[in-house]
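# Geometric and topological summary
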Amino acid sequence: MAQPEKLISLLRSDARYICGEELGTKAGISRSAVWKQIELLRRYGYSIESRRGLGYKLTAHTDIPVPWELAKILCTSIIGKQIIYRETIDSTQNLAISLASKLGSDGAVVIAGRQESGRGRQKRRWLSPKGGLWLSVILKPEIPTARITILPFAAALAVCEALKALGVAARLKWPNDVMASGKKIAGILLDISATADQVNYVVIGIGINANVDSATISARLPGTKITSISDELGWNTNRLQLTKSLLENLEGYYLGIEHRARGEILQKWKKNSDMLGRKVAVSYKSKTIRGVATDVNEDGSLTLLTDKGCIDVVSGDIRVRY
Ligand code: BTN
């Protein structure tokens with residue numbers, strides 16, 4: 001048992017104050033190590049009161065998806081079998097990529113409290129302050145490389161459904177943005193290592209603006225409309241429960257990805273999007289194509305009906321006219 005985990009289970013087992021000496025003896029560590037770990041646990045989101053002469057008492061649990069709490073509640077068979085948590089990291093995506101080729105199996109999840117160099121699509125930065133949910137999942141699907149294109153749809157759908165379960169009116173926007181009130185609430189990033197016929201790994205990066213002040217993020221990203229779960233609902237959400245629901249949804253889709261679920265994923269994605277049938281403008285590099293969005297396809301492309309006929313666009317940023 002990792003040390004903070006041991007200490008938290010001791011504090012949880014007793015409603016009284018427990019003195020540092022008793023905690024140290026039971027955990028097999030010194031009193032100063034107890035003090036250090038209490039500080040660490042507080043940073044991990046637990047409220048622990050301390051009283052001179054009495055000791056320590058746990059007064060509130062964390063909502064941060066620290067590995068030992070998440071592992072206890074997560075009902076999955078692949079995703080989350082290994083959970084890595086960092087208070088601060090450059091990017092969960094970078095750590096996950098560096099681990100991906102070393103790990104034999106798939107399903108490891110890297111989670112961070114904040115990211116200093118979070119990455120978004122098209123080499124944009126992704127602001128990731130404390131309070132958000134920033135994670136990357138390592139997958140090694142045994143499917144032909146060409147079929148990976150369904151994974152971003154599956155991931156966006158998993159996020160969308162987790163948000164809807166909280167009461168957020170989440171909608172999907174091609175290629176894989178999750179929106180609420182017409183603003184971006186979550187984003188998905190895929191890093192893939194594959195040859196023509198074999199996938200080595202896929203790292204799915206998911207960023208959800210959970211309990212963050214979206215005005216502060218928007219101010220630093222002019223031109224981007226941002227929202228967060230706390231701004232949509234008016235209260236903070238429990239990120240531990242959100243992570244559980246997100247990873248369970250994702251695994252549900254992942255398990256079916258090799259065979260049956262592909263069509264189902266696409267259908268559900270379309271149902272959760274309100275952009276089909278609308279006039280859109282898709283910009284990629286310096287080019288903009290305008291038309292009516294008529295379909296999204298298994299290869300990840302978007303079909304536009306333009307004045308020159310139907311065009312499939314494979315990448316870009318979309319503006320939807322409502
Ligand atoms: C987008 O541009 O919409 C994709 C954003 C993806 C952000 C997530 S946060 C966790 C993971 N780590 C990163 O550096 N990026 C992804």
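First, a word on scope: everything that follows refers to the structure included in this document. (Residues numbered from 1 in each chain as written. Predicted model: local features only at pLDDT ≥ 70, side-chain atom pairs only at ≥ 80, totals over all residues. Heavy atoms only, no water.)

Our next topic: the site of the ligand. Lining the immediate environment of the ligand, one finds 19 residues, of which Ser 91, Gln 115, Arg 119, Arg 121 and Lys 184 sit closest. In this structure, an oxygen atom belonging to the ligand sits 2.5 Å away from a side-chain N or O atom of Lys 184. Using a 2 Å cut-off from the grid points, one finds that the ligand occupies the largest pocket. Contributing elements (two or more residues each) for the shell around the ligand: helix H5 (92-100), strand S5 (133-139), strand S8 (183-194) and strand S9 (199-208). Broken down by element, the shell around the ligand gets its largest block of residues, four residues, from S8. Split by residue class, the shell around the ligand holds five nonpolar, 10 polar and four charged. (Near = heavy atom within 4 Å. Polar contact = N/O pair within 3.5 Å; in protein donor to acceptor, adjacent residues only side chain to side chain. 1 Å grid on protein atoms, 1.4 Å probe; cavity = no way out; pocket = protein on both sides within 12 Å on 5 of 7 lines; lining within 4 Å. Sits in = over half its atoms within 2 Å of the grid points. Helix = DSSP H or I, 4+ residues; strand = E, 2+ residues; numbered from the N terminus. Nonpolar A, V, L, I, M, F, W, Y, C, P; charged D, E, K, R; others polar.)

This part takes up the packing of aromatic side chains. With the rule as written, the count across this model stands at four aromatic pairs. For the ring pair Tyr 44 and Trp 68, a centre distance of 5.7 Å and an interplane angle of 50° mean the geometry is tilted. Of this pair, Tyr 44 sits in the loop between helix H3 (31-43) and strand S1 (47-51) while Trp 68 is found in helix H4 (residues 67-73), placing the two residues 24 residues apart along the sequence. Trp 68 shares its class with Tyr 44; the two are buried. (Phe/Tyr/Trp six-rings, centres within 6.5 Å; stacked < 30°, edge-to-face > 60°. Buried < 20%, exposed > 50% of the residue type's maximum accessible area, 1.4 Å probe, protein only.)

Turning next to the layout of surface pockets. In this approach the atoms are scanned with a rolling probe the size of a water molecule, which exposes any empty space left behind. Approximately 1000 Å³ is the volume attributed to the largest pocket. As for the largest pocket, its lining consists of 46 residues, of which Lys 173, Asp 177, Lys 184, Thr 224 and Lys 225 are closest to the centre. At the level of elements, H5, S5, strand S6 (170-173), strand S7 (177-180), S8, S9 and strand S14 (317-321) are the ones that each hand at least two residues to the lining of the largest pocket. With five residues, S8 is the largest single contributor of residues to the lining of the largest pocket. Among the residues forming the lining of the largest pocket, the class breakdown is 17 nonpolar, 16 polar and 13 charged. Quantified by volume, the second largest pocket comes out at close to 540 Å³. Pro 152, Pro 175, Asn 176, Val 314 and Ser 315 are, among the 21 residues lining the second largest pocket, the residues nearest its centre. (Points joined across faces, edges and corners; volume = space filled by probe spheres on them.)

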